[in-house]
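Below, each chain spelled out in residue letters.
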Amino acid sequence: MSYYISSVLIVTCVDLIAAWGLDLQFGSAGINNFAFIVFAAAGAYTASVVSLGSSSALGGFQSYVGGSHWPFPLPILAGMAVAGLLAAAVGAVALRRLRGDYEAIVLLVLSLIATGVAQAEIGLVNGPAGLSLIPKPLVTGLGLSSLQYQWVYLGWCAFLTALVFLFLRRIVRSPFGRNLRAVRDNEAAAAAGGRNVFALRMQAFVIGGVLAGLSGAVLVEFVNAWAPGSWLYPETFALLTAVIVGGRANLGGVAIGTILVPILFLEVTRFLPSIGYPGLIDSLEWVVIGLLTLIFMYWRPQGIFPERRRRFPSRSSGAIGSGALLSSRSAFSASLAAPAGSSHVAKSTAAPE
Amino acid sequence: MNDVLVVEDLVCSFGGVRAVDGVTFTCKGGQITGLIGPNGAGKTTVLNAIAAAVHLSRGSIKWEGQELAGLSTYQVARRGIARTFQISNVFEHLTVLENLLQGAPPGRADSLRGALFGARAARRWEAQQVEKARELLSRCGLAEHEDQYAGELSGGQKRLVEISRSLMSDARFLLLDEPMAGVNPTLGEQIAEYLRELVSGGNLSMLMVEHEMAVVSELCSNVVVMAQGSVLMEGTMEDVQRDQRVRDAYLVG
């Protein structure tokens with residue numbers, strides 16, 4: 001049981017990092033990144049091949065490009081770097097002219113193509129079978145039992161999650177974060193205010209990509225295997241649903257959404273008695289995730305915890321310069337007190353334009 | 001007064017249709033120049049061309065002697081030319097105060113680098129801008145709405161937010177696209193008063209597209225009349241109202 005709990009918590013950390021990364025792109029900057037999981041996969045594959053060693057080492061049963069024995073934590077950093085570079089390359093094409101539905105379609109197709117290429121090109125990352133026996137970092141050096149190792153790894157994941165949280169909180173609360181939300185709300189007006197819309201969208205896209213790479217790399221070092229089946233396009237929608245249910249552009253809300261949707265919901269169903277043919281429950285899960293997105297988009301597009309309203313202290317309060325410039329009501333009370341008009345307004349933009 | 005904006009032989013074509021066909025006029029400093037004409041005359045396209053929101057097929061736009069043609073929207077904005085839109089273009093999910101902050105000139109403080117490595121400087125910068133924004137908001141009577149989402153305001157209030165936002169940048173030229181459209185008369189009066197007060201300082205000039213002739217004759221010292229993509233005439237409002245060609249253009253539509 002302790003093994004199970006620690007595993008679930010580790011996956012929670014991984015999903016939190018990913019969902020926050022997606023939220024920066026989708027919630028703050030308004031980029032419909034339906035290919036998010038591809039960047040996580042790029043991070044995972046990169047971390048794998050730079051820690052697996054030469055492809056002929058284990059009898060050559062799997063083939064892949066590259067192959068080295070980089071020490072911890074270099075594989076993770078490499079995964080982040082490659083995912084970030086991939087995001088820069090994809091963004092340079094996809095973010096320049098495309099918007100809304102078209103942007104979403106192109107990125108969704110990119111996700112499908114990426115899966116196709118990884119499966120067909122066996123020499124790249126071992127095709128449909130995927131990579132396995134990816135070493136756990138520092139497992140020999142620490143000399144821990146496998147259960148102890150689980151908890152240590154959880155600590156490492158929690159540390160990374162906290163870092164990502166602090167990093168993103170800094171971004172979303174800054175004037176830069178407001179620029180992203182302005183671009184999301186109204187590009188023409190943002191450009192008329194002297195903001196370079198393409199550059200801002202690219203920055204959000206690359207940061208989100210790097211975080212996707214981090215989540216993939218941390219996950220692969222934990223599960224020790226990675227195959228195209230682990231990163232099919234629906235995985236992006238599980239994260240997107242977490243963001244929509246929790247509340248776009250609200251880090252706390254997205255965290256709740258992540259715990260509710262990809263973690264609690266997908267884990268609870270494991271304990272249901274099996275009904276029908278094998279795999280029926282797994283398939284129904286995706287149906288329910290799709291339904292959840294629809295239900296929230298229709299009735300509560302702002303999510304359980306809506307974006308916080310930024311207030312600035314008045315001059316008389318003397319808070320200027322004290323570091324408490326940005327005060328915001330708790331999201332919960334804001335959601336209760338929001339006038340009827342505001343939920344209508346939220347509805348109008350949450351729908352894809 | 002000297003010429004601050006000189007538009008010469010401007011042509012904008014969209015798939016073979018010449019929306020603007022060889023337009024030439026000048027705007028003088030410290031004044032509001034009116035741009036009028038029947039629907040479809042190409043007035044908004046001229047505004048869009050100056051703001052680099054549409055591509056020019058030919059022609060030149062000189063702002064204080066410098067060529068603007070070929071720049072992107074944000075580069076034009078950074079040279080001190082701000083604009084408002086025909087359909088009001090506020091950031092609906094940003095508060096009124098935040099909307100104004102988005103008009104502040106971009107710099108290191110609102111960049112990614114500023115967010116990560118210069119948080120303290122960014123906060124100081126923001127505090128200054130907040131003060132400036134509050135001043136503008138109290139000037140146009142929106143002070144108590146600063147925490148409201150801009151999407152919750154009325155059409156006229158959104159227009160005031162837009163005009164105030166464009167003033168955050170210390171812009172020296174404003175492009176106004178029908179500032180009175182869909183605004184109730186009382187608020188319209190307030191906007192007109194606000195615009196008059198702004199140009200009276202002498203540092204700000206404007207080019208205003210407007211259908212409300214009373215507003216144009218009240219505010220604009222010089223009027224450019226367009227019809228079917230070209231300039232019909234340029235002169236004072238009295239000249240324009242006497243001109244037979246202008247009457248014909250409006251009747252033909």
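Rules of the game
- Residues numbered from 1 in each chain as written.
- Chains lettered and ligands numbered in written order.
- Predicted model: local features only at pLDDT ≥ 70, side-chain atom pairs only at ≥ 80, totals over all residues.
- Contact = placed C-beta atoms within 7 Å.
- Helix = DSSP H or I, 4+ residues; strand = E, 2+ residues; numbered from the N terminus.
- Nonpolar A, V, L, I, M, F, W, Y, C, P; charged D, E, K, R; others polar.
- Domains from an automatic or database assignment.
- Core = buried A, V, L, I, M, F, W, Y, C linked by C-beta atoms within 7 Å.
- Buried ≥ 20, exposed ≤ 12 C-beta atoms within 10 Å, placed from the backbone.
- Expected span 1.5 Å × (residues − 1).
- Pairing = 2+ DSSP bridges.
- Axes fitted to C-alpha atoms, helices over the stretch in contact; angles between N-to-C directions.

K.L.:
For the interface of chain A and chain B, give the residues involved together with the corresponding values.
P.N.:
Listed as interface residues are 36 residues of chain A and, on the opposing side, 43 residues of chain B. Those elements that provide at least two residues to the side of chain A that touches chain B are helix 7 (146–173), helix 8 (175–185), helix 9 (187–192) and helix 15 (340–350) of chain A. In terms of residue class, the side of chain A that touches chain B is built from 13 nonpolar, 13 polar and 10 charged.

K.L.:
So what's going on with the domain arrangement of chain B? Residues and values would help.
P.N.:
All names here are of chain B. Domains assigned within chain B are domain 1 (3–90 + 166–252) and domain 2 (93–152). A separation of 27 Å is found between the C-alpha centroids of domain 1 and domain 2. With nine residues of domain 1 in contact, the opposing surface of domain 2 contributes 11 residues. Within the residue set of the side of domain 1 that touches domain 2, elements represented by two or more residues are helix 6 (155–167) and helix 7 (185–200). Across the side of domain 1 that touches domain 2, the residue classes break down as four nonpolar, three polar and two charged.

K.L.:
Residue-level account of the environment of A:V8, with values.
P.N.:
Residue placement: A:V8 occurs in helix 1 (residues 2–28). Once residues within four sequence positions are removed from consideration, A:V8 is found in contact with A:I263 and A:E267.

K.L.:
Any details on the nonpolar core? Residues and values, ideally.
P.N.:
Of all hydrophobic cores here, the largest spans 169 residues; its most connected members are A:I17, A:W20 and B:I81. With 14 residues, helix 10 (residues 197–223) of chain A is the single largest residue contributor to this core. In this structure, this core is formed jointly by two domains, domain 1 (3–90 + 166–252) and domain 2 (93–152) of chain B, each of which donates at least three residues. In contact with A:W20, not counting residues within four places along its chain, are A:V164, A:L168, A:L211, A:L251 and A:V254.

K.L.:
Explain helix 5 (residues 119–139) of chain B to me, using residue names and the numbers behind them.
P.N.:
The first and last C-alpha atoms of helix 5 of chain B sit 30 Å apart over 21 residues, in line with the 30 Å expected at 1.5 Å per residue. For helix 5 of chain B, the elements touching its buried residues are helix 8 of chain A together with helix 3 (96–101), helix 4 (112–117) and helix 6 of chain B. At the C-terminal side of helix 5 of chain B, B:G141 shows a positive phi close to 80 degrees.

K.L.:
Kindly report on the sheet that holds strand 9 (residues 222–227) of chain B, identifying the contributing residues and their values.
P.N.:
All names here are of chain B. Across the sheet, which stays open at both edges, the six strands sit in the order 6-7-8-3-9-10 with mixed pairing between neighbours. Two strands bound the open sheet, and with one partner strand each, they are strand 6 (81–83) and strand 10 (230–235). Recorded for the sheet is a direction-independent mean angle of 20 degrees between the axes of neighbouring strands. Of the pairings in the sheet, the one linking strand 6 to strand 7 (residues 173–177) comprises three bridges and is parallel in character. Residue pairing across strands places A82 opposite L174, the latter belonging to strand 7. Here helix 1 (residues 43–50) sits on the sheet and contacts strand 3 (32–36), strand 6, strand 7, strand 8 (205–209) and strand 9; the angle it forms with strand 7, its principal contact strand, is near 150 degrees.

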